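Chain by chain, the residues:
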Amino acid sequence: AQTVTQSQPEMSVQEAETVTLSCTYDTSESNYYLFWYKQPPSRQMILVIRQEAYKQQNATENRFSVNFQKAAKSFSLKISDSQLGDTAMYFCASLNRDDKIIFGKGTRLHILP
Amino acid sequence: GAGVSQTPSNKVTEKGKYVELRCDPISGHTALYWYRQSLGQGPEFLIYFQGTGAADDSGLPNDRFFAVRPEGSVSTLKIQRTERGDSAVYLCASSLGASYNEQFFGPGTRLTVL
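Residues numbered from 1 in each chain as written. Chains lettered and ligands numbered in written order. Predicted model: local features only at pLDDT ≥ 70, side-chain atom pairs only at ≥ 80, totals over all residues. Heavy atoms only, no water.

A. Layout of the overall build of chain B. Scanning chain B from N- to C-terminus turns up zero helices and 11 strands. Listing each helix as α and each strand as β along chain B from the N terminus yields β-β-β-β-β-β-β-β-β-β-β. Taken over C-alpha atoms, the radius of gyration comes to 13 Å for chain B, in line with the 13 Å a tight globule of 114 residues would show. Each of the 114 residues in chain B was classed as buried or not, and the buried ones make up 46%. Of all intrachain contacts in chain B linking residues separated by at least 6 positions in sequence, the fraction that spans at least 24 positions is 54%. (Helix = DSSP H or I, 4+ residues; strand = E, 2+ residues; numbered from the N terminus. Rg over C-alpha atoms; globule rule 2.2 N^0.38 Å. Buried < 20%, exposed > 50% of the residue type's maximum accessible area, 1.4 Å probe, protein only. Contact = heavy atoms within 4.5 Å.)

This is the structure we're talking about:
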């Protein structure tokens, strides 16, 4: 069975700083996808970044990047130059061929002015 | 519309009542998913449709929960004899098809059972 673990329930950083959110996962599949989703108070789940397991290069989307360590089953999210609008719940998630996304419990991120 | 829509946005009901939650996927998306998000938790998979048929309903917690998608577009999640423990946000997502396609989420329905 797939599992996704986020060990940081809540984090706070000052605006413009860099913050890293941690995630570990477990799967027996050889091919899978990993995601970070952002969920603001509006409840809308927004895809921030995705990583395909067979790609060694870490995914990057503007200020968001990941550190994908396949052997260690680690998938952390780095947010550079953090902005007030980044305040939200962040969920790490995995997807394999059964098409069920497995989510972690989330990290509540506060960006402080 | 451009995105996944869900109605109602909020639903308050009494214990023992029947409720229906509706999801309108993105036009052309053949796959549709339901997830449940309890307070302080990440979403949990309930059921997945490919077209009109339920491809995987292994996440439905018990036989009080049922979902349909009769024409392969709109889906309705039905909950009979609601219990307080059913209170949660119910999220719907759709994708172009199965196998690793990106799932686009709706804003969810917050169900409160008193």
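On we go from here.
B. Molecular detail of the sheet that holds strand 7 (residues 65–68) of chain B. All names here are of chain B. Within the open sheet, the four strands sit side by side as 1-3-8-7. Their pairing is antiparallel. The two strands at the open ends of the sheet, each matched to only one other strand, are strand 1 (5–7) and strand 7. Strand-to-strand twist in this sheet, taken as the mean axis angle between neighbours without regard to direction, amounts to 15°. Note: strand 3 (residues 19–24) against strand 8 (residues 75–79), five bridges, orientation antiparallel. Directly across from V19, in strand 8, lies its bridge partner I79. (Pairing = 2+ DSSP bridges. Axes fitted to C-alpha atoms, helices over the stretch in contact; angles between N-to-C directions.)

C. Representation of the pattern of salt bridges within the structure. All names here are of chain A. Evaluation of the coordinates by the stated rule reveals eight salt bridges over all chains. A salt bridge links R97 to E29; the shortest N-O distance between them is 3.4 Å. Note that R97 is positioned in the loop between strand 10 (88–95) and strand 11 (102–103) and E29 in the loop between strand 4 (24–26) and strand 5 (33–39), a separation of 68 residues in sequence. Relative accessible area serves as the criterion here: at 23%, E29 is assigned to the partly exposed category. (Salt bridge = Lys/Arg side-chain N within 4 Å of Asp/Glu carboxyl O.)

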